[in-house]
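Here are the chains, one letter per residue:
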Amino acid sequence: MLHRTYIPKMPLSLFVDYFWYMEDYNPSHSKELALPDGSVDVIIDLGEDKIRLFDSNHRELVFGHSILCGPHSEYFVIDTACESRVIGIHFKQGGIHPFLKEPLVELHNKHFPLDILWGSKVSEIRDELLASPGPDEMFQVLERSLLSLARKDLKWDPAVQFVLNHLHGCQIAEIIEQTGISHRRFNQIFKAEVGMTPKRLNRLYRFQEVLRLVHSGENISWVNIAQACGYFDQAHFIKDFSSFSGINPSEYRPILGRHHNHAKYVT
């Protein structure tokens, strides 16, 4: 398997975690869990296959060559047979906001054909990607294309950026108080730009910290991990983990060579 990543230059790096490219991914499993982190992914298939997914209610979703995975707080399932040659953009939480007209809350836990959101530009981008000799050149195509899609100046709402920078491990009410905006109004702004409430995103940050600790490869003590990540007790930890992943913590099986948000699907 060939797997490459690239962090774009400023100012895109303020909004994008990385671009990624994957080729010849032929795992022994036919499906895998995609676990949520509250971010948005754009995926463009460069082969002849369609993109096939299953949502958390086990409904099959079949798309063409390009999709947008909205900000998720639920898992979904990927059909790995449809991943022979793909490229994508992994945005930071709220990072896609300058490139869309729609409030992100309307995309929460949903998948969309990319051309619904970016129109005919999607076909142009894909054609240019297919004409590129390799991943490095493809990343440059994505970089140029994304800059051309920006609908306004590439900058954050100062209040949203402040809360995003201080959200993890802090008291949400105290952070919002420091913005000088009422909690009700701030939640409206935050959901429009990030896709969910600060409280839900904070829970996802804690869930992601669990996955990072497990993925580190050290001996796993679920009690210690739950305490280290700020859960009240084991019951709270298990309930939260299951609500985001659909599985118990002991069933989590990260996939070698993949991001910790990708795990073996337990049927």
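Just so it is clear, the model here is predicted, and its values are computed rather than measured.

Participant: Which residues make up the pairing of strand β7 (residues 66–69), and what values go with them?
Facilitator: Where burial is concerned, the two faces of β7 agree: the one with S66 and L68 and the one with I67 and C69 are both buried. Two elements, strand β4 (residues 41–45) and β7, share four bridges in a ladder whose sense is antiparallel. By the bridge assignment, I44 is partnered in β7 with S66. With three bridges joining them, β7 and strand β10 (residues 111–113) adopt antiparallel strand pairing. The residue bridging I67 from the neighbouring strand is P113, located in β10.

Participant: Describe the packing of helix α4 (residues 158–166) against helix α5 (residues 172–179), with residues and values.
Facilitator: Two elements in contact, α4 and α5, have axes whose closest approach is 10 Å; the angle formed by their N-to-C orientations is 150 degrees. The angle between the axes of α4 and α5 places the two elements in the roughly antiparallel class. The chirality of how α4 crosses α5 is right-handed. Side by side, α4 and α5 meet where A159, F162, V163 and H166 of the first sit next to I175, Q178 and T179 of the second.

Participant: I'd like a description of the packing of aromatic side chains, backed by residues and values.
Facilitator: Going through the model one piece at a time under the given rule, you end up with 14 aromatic pairs. Ring geometry for Y6 versus F139: centroids 5.5 Å apart, planes at 10 degrees, classification stacked. With Y6 in strand β1 (residues 2–6) and F139 in helix α3 (residues 135–149), the pair connects residues that are 133 residues apart, well separated along the chain. Aromatic ring contacts, followed pair by pair, group F207, W222, Y231, F237, F241, F244 and Y252 into a single cluster.

Participant: Explain the nonpolar core to me, and be specific about the residues and the numbers.
Facilitator: If you look at the biggest cluster of nonpolar residues, it comprises 66 residues, and the most contacted ones within it are I96 and W118. The leading source of residues in this core is helix α7 (residues 198–215), at seven residues. If sequence neighbours within four positions are ignored, I96 has contacts with V40, V42, L68, F91, L104 and W118.

Participant: Tell me about α5, and please be specific about residues and values.
Facilitator: Residues of α5 that are buried: I172, I175 and I176. Along α5, the residues classed as buried sweep out an arc of 95 degrees about the axis, all on the same side. Opposite its buried face, α5 presents the exposed residues E174, E177 and Q178, each directed more than 90 degrees away. The first or second residue beyond α5 is G180, which carries a positive phi of 80 degrees.

Participant: Tell me about unusual backbone geometry, residues and numbers included.
Facilitator: Leave glycine aside and you will find that most residues have negative phi; peptide bonds, for their part, are mostly trans. In this model, M10 is joined to P11 through a cis peptide bond whose omega is 0 degrees. Looking at the element boundaries, P11 is found in the loop between β1 and β2 (16–23). Of note, D24 is a non-glycine position whose phi angle comes to about 60 degrees, a positive value. Considering the arrangement of structural elements, one finds D24 in the loop between β2 and β3 (31–34). In this structure, N109 is a non-glycine residue whose phi angle is positive, near 60 degrees. Structurally, the position occupied by N109 is in the loop between β9 (85–91) and β10. On the accessibility criterion, N109 (22% relative accessible area) is partly exposed.

Participant: Please provide a residue-by-residue account of the pattern of salt bridges, values included.
Facilitator: Enumeration over the complete set of coordinates arrives at 10 salt bridges. Put simply, E32 and R258 hold a salt bridge, and the shortest N to O gap is 2.6 Å. You can see E32 sitting in strand β3 and its partner R258 sitting in the loop between α9 (234–245) and β11 (262–264), a full 226 residues away along the chain. Each member of the pair, E32 as well as R258, carries the same accessibility label: buried. Among the salt bridges present, the one from E128 reaches R144, with a minimum N-O distance of 2.6 Å. One end of the pair, E128, is in helix α2 (residues 121–130); the other, R144, is in helix α3, with 16 residues separating them in the sequence. Each of R52, E60 and D79 takes part in a single network of salt bridges with overlapping partners.

Parameters and conventions
- Residues numbered from 1 in each chain as written.
- Predicted model: local features only at pLDDT ≥ 70, side-chain atom pairs only at ≥ 80, totals over all residues.
- Heavy atoms only, no water.
- Buried < 20%, exposed > 50% of the residue type's maximum accessible area, 1.4 Å probe, protein only.
- Helix = DSSP H or I, 4+ residues; strand = E, 2+ residues; numbered from the N terminus.
- Pairing = 2+ DSSP bridges.
- Axes fitted to C-alpha atoms, helices over the stretch in contact; angles between N-to-C directions.
- Parallel < 35°, antiparallel > 145°, perpendicular 65-115°, else oblique.
- Left-handed = near helix turned anticlockwise from the far one by under 90°.
- Contact = heavy atoms within 4.5 Å.
- Phe/Tyr/Trp six-rings, centres within 6.5 Å; stacked < 30°, edge-to-face > 60°.
- Core = buried A, V, L, I, M, F, W, Y, C linked by side-chain atoms within 4.5 Å.
- Arc of directions from axis to C-beta.
- Salt bridge = Lys/Arg side-chain N within 4 Å of Asp/Glu carboxyl O.

Geometric descriptors of this kind do not, in isolation, establish any biological role.
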